[in-house]
Amino acid sequence: MKKYGNFNIFALIVGFSFLYIPIILLILFSFNESRLVTVWGGFSTKWYGELMNNQGIKDAAWVTFKVAFVSSTVATFLGTIAGLVMSRFGKFGGRTLFSGMIYAPMVMPEVILGLSILLTFITLSIDRGVLTVTLAHITFSMCYVSVIIQSRMSSYDESINEAALDLGCTPLRTFLLITFPIILPAIISGWLLSFTMSLDDLVIASFTSGPGSTTLPMKIYSMVRLGVTPEINAVSTILVGLVALGVVTASIIGKRQKQQTI
Amino acid sequence: MDTKDKKHNFLKRIFNGRNAVISIPYLWLLLLFLFPFVIVLKISLAQPIIAMPPYTPLFSWGDSLWPKIQAGLDSYLFLFSDSLYIKAYLSSIKIATISTILTLIVGYAIAYSIARAPKRWRGILLMLVILPFWTSFLIRVYAWIGILKTEGLLNLALMTIGIIDKPLIIMNTDLAVYIGIVYSYLPFMILPLYANLEKMDMSLLEAAADLGCRPIKTFWSVTIPLSMPGIMAGCFLVFIPVVGEFVIPDLLGGTKTLMIGKVLWGEFFYNRDWPVASAVAIIMLLLLVVPIILYQKSQEKAMK
């Protein structure tokens, strides 16, 4: 093996500094006593206290959490089915269209997705609110879940399913008792990805939400438009912390699962 | 009796378990992903009015038996008569192209370095790339405002070291938009590139070296062509959504930064001209349909 070049070490150091320095600075300045973003006025947690008194942010956080929980759960259900259909059902009528509808939302500009789904709700006279945001989030999240399931199924050993079917197990039982437990880690990571994407989304939520369903990103966005404040840094830090916690937990679960199967 | 049986069989064929399973996600996507585009197309042909919803109906039943169709290309003609829209499309494509190239250069260097790192390090390095991708897009863009502002941290740092004595104007320029895009979309580029580079057969590179090829030449004539599928996937994943990007040009760009996603947002939320907003979306979709299909094809190939 060739030795690891200086260029590679340099690229990694510069690359990771670029990825992490903005987030680290953001977290650091959420503990700044001073209201000015560039002046360090000493350590303080007062902005977190201020956040706790901000009813608007708390309401938005609750809406966001509800939407994220429901949409990621439904999206995981639909996306898992879609992923299995794509990887295990072979040919069926309209397969190309189905695959197009799964891959297109992942790259489609969000403004188009948001506008089109909103106009649909209006045409069907569904009032804008928590429900419409949730339906919109399910639609784009399920595509990501389906791709995660598809890539898991590409390394799935089909012979164990065949063994179960040969021994007289029904297809549904085979799925529940054999396939499901094996692909469960992929399903969980699909759920987590859907949850964080719903938590993150600004554009689609802005189009599809109505009065009383302002989400946290929408609230943060309207605050950001007024300027950089330590309060935004504080709410961002909490979100970054939660996500980091979730990702680390998920990777520990994943590792344990791997060890168990070996 | 006979026909009834036949009918029964036919229904059974349609409603068997397999089709029922397929139909659940299929119908969902048809109703909430494909059908919406028909609606957008329909509204793009209507006229704006001050009402709720703020556009004219496409069909109207007057006294006659047949509905009168009121469809017009007014919104599209308007888009082509005002140079703002054409400029915004061109500028979006320019910004998306330049930032895709920049992301590719930065992303390739990182993905290559991770793929060639000692095996036990690769997992953790990849995890470090994915982690920021999980944190909020909006927050990551916001983080750059504090850095790039005229009185921001970058200027403060550079002036303290003494590299510059006047603050650099980066915020609210196209440069800030490029920085924001490269930063936000980097993981989308790194992941497919890494997946490709990691699988690469190293013996091919050794063969090139044994035959006297210099490392730089090997890189250009062996590594790059072999990693083409990864490059393509990464570029599509960055280019297509960036063309319609709204958050980054809105928060980091200036008034002169013209991007079509921002124009669509403005037409919809500020001008409340839904037919024009729909026409903007339809034209954007037409521009992106070829890259989207190419992306879908490349993904389907990768899954096999």
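This write-up is about the structure you can find in this document. (Residues numbered from 1 in each chain as written. Chains lettered and ligands numbered in written order. Predicted model: local features only at pLDDT ≥ 70, side-chain atom pairs only at ≥ 80, totals over all residues. Heavy atoms only, no water.)

As a further point, take the overall build of chain A. Across its full length, chain A carries eleven helices and zero strands. Based on the C-alpha atoms only, the size of chain A along its principal axes is roughly 70 × 65 × 30 Å. The burial tally for chain A puts 52% of its 262 residues in the buried class. Nonlocal contacts in chain A, meaning residues at least 24 apart in sequence, comprise 67% of its contacts between residues at least 6 apart. Roughly 12,100 Å² of accessible area belongs to chain A as shown, and the carbon and sulfur atoms make up 68% of that amount. Each charge sign in chain A was given a centre, from 17 positive and 12 negative side chains, and these centres are 6 Å apart. (Helix = DSSP H or I, 4+ residues; strand = E, 2+ residues; numbered from the N terminus. Buried < 20%, exposed > 50% of the residue type's maximum accessible area, 1.4 Å probe, protein only. Contact = heavy atoms within 4.5 Å. Areas by Shrake-Rupley, 256 points an atom, 1.4 Å probe, with all protein chains shown as cover. Lys, Arg positive; Asp, Glu negative; His and termini not counted. Charge placed at Lys NZ, Arg CZ, Asp CG, Glu CD.)

Turning our attention to the interface of chain B and chain A. Taken together, the contact pairs 86 residues of chain B with 91 residues of chain A. Across the chain B-chain A interface, the total number found is one salt bridge. Of the charged contacts in the structure, one is a salt bridge between Asp250 of chain B and Arg225 of chain A, with a shortest N-O distance of 3.2 Å. On the surface where chain B and chain A come into contact, there are 13 residue pairs in polar contact (both at pLDDT 80 or more). A per-element tally of the side of chain B that touches chain A places helix H2 (residues 17-44) of chain B first, with 19 residues. Grouping the amino acids of the side of chain B that touches chain A by side-chain chemistry returns 69 nonpolar, ten polar and seven charged. (Salt bridge = Lys/Arg side-chain N within 4 Å of Asp/Glu carboxyl O. Polar contact = N/O pair within 3.5 Å; in protein donor to acceptor, adjacent residues only side chain to side chain. Nonpolar A, V, L, I, M, F, W, Y, C, P; charged D, E, K, R; others polar.)

Further remarks concern the environment of Ser206 of chain A. Mapped onto the fold, Ser206 of chain A is located in helix H9 (residues 203-208). Put simply, Ser206 of chain A and Met218 of chain A are twelve residues apart on the chain and 6.6 Å apart in space, counted from C-alpha to C-alpha. The residues contacting Ser206 of chain A, other than those within four sequence positions of it, are Met218 of chain A together with Trp265 and Phe269 of chain B. Separated by 2.7 Å, the side chain of Ser206 of chain A and the backbone oxygen of Leu202 of chain A make a polar contact.

Residues and elements named next belong to chain A. Two elements in contact, helix H3 (residues 55-88) and helix H8 (residues 171-200), have axes whose closest approach is 8 Å; the angle formed by their N-to-C orientations is 140°. Looking at the two axes, H3 sits oblique to H8. For the pair H3 and H8, the sense of crossing is right-handed. When H3 is examined against H8, the residues Thr64, Phe65, Val67, Ala68, Phe69, Ser71, Ser72, Thr73, Ala75, Thr76, Thr80 and Leu84 are found in contact with a partner set consisting of Phe175, Ile183, Ile187, Gly190, Trp191, Ser194, Phe195, Ser198 and Leu199. Tallied by class, residues from the contact of H3 with H8 come to twelve nonpolar, nine polar and no charged. (Axes fitted to C-alpha atoms, helices over the stretch in contact; angles between N-to-C directions. Parallel < 35°, antiparallel > 145°, perpendicular 65-115°, else oblique. Left-handed = near helix turned anticlockwise from the far one by under 90°.)

On the surface, Trp62, Phe65, Phe69 and Val70 of chain A cluster together into a nonpolar patch covering about 420 Å² of accessible area. By the element assignment, Trp62 of chain A lies in helix H3. (Patch = residues over 30% accessible without salt bridge, like charges linked within 9 Å, V, L, I, M, F, W, Y side chains within 5 Å.)

The next thing to look at is the packing of aromatic side chains. Applying the stated rule across the entire model yields 33 aromatic pairs over all chains. Consider the rings of Trp62 of chain A and Phe65 of chain A, whose centres lie 6.2 Å apart with planes at 15°: the pair is stacked. Highlighted residues: Trp62 of chain A and Phe65 of chain A, both in helix H3, separated by three residues, approximately one helical turn. Note on Trp62 of chain A: relative accessible area 52%, which makes it exposed. Look at Tyr108 of chain B and Phe219 of chain B: their rings are 5.7 Å apart centre to centre, the planes differ by 90°, and that puts the pair in the edge-to-face class. Here Tyr108 of chain B is found in helix H4 (residues 83-115), whereas its partner Phe219 of chain B is found in helix H10 (residues 215-226), with 111 residues between them in sequence. For Tyr108 of chain B, a relative accessible area of 7% gives the class buried. (Phe/Tyr/Trp six-rings, centres within 6.5 Å; stacked < 30°, edge-to-face > 60°.)

A separate point is the nonpolar core. Among the nonpolar cores identified, the biggest contains 164 residues, and Phe98, Met108, Val111 and Phe207 of chain A together with Val247 and Met284 of chain B are the most heavily contacted of them. Looking at which element gives the most residues to this core, the answer is helix H14 (residues 274-303) of chain B, with 14 residues. In contact with Val111 of chain A, not counting residues within four places along its chain, are Val203 and Phe207 of chain A together with Gly244, Phe246, Gly261, Leu264, Trp265 and Met284 of chain B. (Core = buried A, V, L, I, M, F, W, Y, C linked by side-chain atoms within 4.5 Å.)

Between two packed helices, what matters for the description is the angle formed by their axes and the separation of those axes. Residues and elements named next belong to chain B. Running from N to C, helix H3 (residues 74-81) and H14 cross one another at 70°; their axes reach a closest spacing of 9 Å. Taken together, the axes of H3 and H14 lie roughly perpendicular to each other. Contact residues: H3 offers Ser75, Tyr76, Phe78, Leu79 and Phe80, while H14 offers Pro275, Val276, Ala279, Val280, Ile282 and Ile283.

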